Structure formats: C-alpha cells, structure tokens
Amino acid sequence: MQEQPAVAMDALGNCAITWRDSTQIRVQRYDAAGAKQGNEFHIPTGIFVFQNGVIAMSPATGAFVATWAITSIPSNQEEFHARRYDYNQPDGTPSVTAS
C-alpha cells in the first residue's frame, strides 16, 4: 500500500516526491520536464515508520530535507528525524542526518 505522499519543488521545477509503502519511506526525483532523475530509493529509518512527514526543497540548490516521526511501542512516544539529500546525489546518499 502506498500512502502519505509529499512533494517538494525547487524554483526551476525539479521535484522530489516521498510516500510510505508499508514499512519504508520511498523517494523519487523528477526534473522540470517530468523525467525521472536517478532511481527510486528508500530513506533508511532503521525501524517501522508509523508516520511520514514533510519534505522541503531548497529553491537555489535542489537539495531537499525529508522528515518523519517514529512512534515507539509500548511507550507511545514520538521521535522526530530529518535527513538532507543533495539533488546531485541520485542514489539517495544523505549529506546530513539529524534526529
């Protein structure tokens, strides 16, 4: 099942789309003409993700930040995470990881 889509676009029309499929957050990038850029990849969150968050794209560089929340069981506490990707890294290698 694919759910919780989010889209971020830079000033030139390049975009990154994220969605959740069962246990992973997936990403696909497109250029302004709608052509795929690189391969679809997943954001390694480490565990099952209950909530997908927002993504934001830099208007100047095309870099984007994906954010997500993980709900811990049994404590029911949320942890928020973010990972930055550069547009010229089509394999999904993060440039910065923060939590």
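These numbers were taken from a predicted model, which means no experiment stands behind them.

Draft legend 1. Fine view of the sheet that holds strand E1 (residues 2-9). Taking strand neighbours across the sheet as the criterion, the four strands line up as E1-E2-E3-E4 in an open arrangement whose pairing is antiparallel. Every interior strand has two partners, whereas the edge strands, E1 and strand E4 (36-43), have only one. The sheet shows a mean angle of 15° between the axes of neighbouring strands, taken without regard to direction. The sheet contact formed by E1 and strand E2 (residues 15-21) spans six bridges and is antiparallel. In the sheet register, Gln2 faces E2, and the bridge partner there is Asp21.

Draft legend 2. Representation of the nonpolar core within the structure. With 13 residues, the main nonpolar core has Val27, Phe41, Ile43, Ile55, Phe64, Trp68 and Tyr85 as its most contacted residues. Secondary structure elements with two or more residues in this core: E1, strand E3 (24-30), E4 and strand E6 (64-71). When residues in this core are grouped by element, the largest group, four residues, is from E6.

Criteria and thresholds
- Residues numbered from 1 in each chain as written.
- Predicted model: local features only at pLDDT ≥ 70, side-chain atom pairs only at ≥ 80, totals over all residues.
- Heavy atoms only, no water.
- Pairing = 2+ DSSP bridges.
- Helix = DSSP H or I, 4+ residues; strand = E, 2+ residues; numbered from the N terminus.
- Axes fitted to C-alpha atoms, helices over the stretch in contact; angles between N-to-C directions.
- Core = buried A, V, L, I, M, F, W, Y, C linked by side-chain atoms within 4.5 Å.
- Buried < 20%, exposed > 50% of the residue type's maximum accessible area, 1.4 Å probe, protein only.

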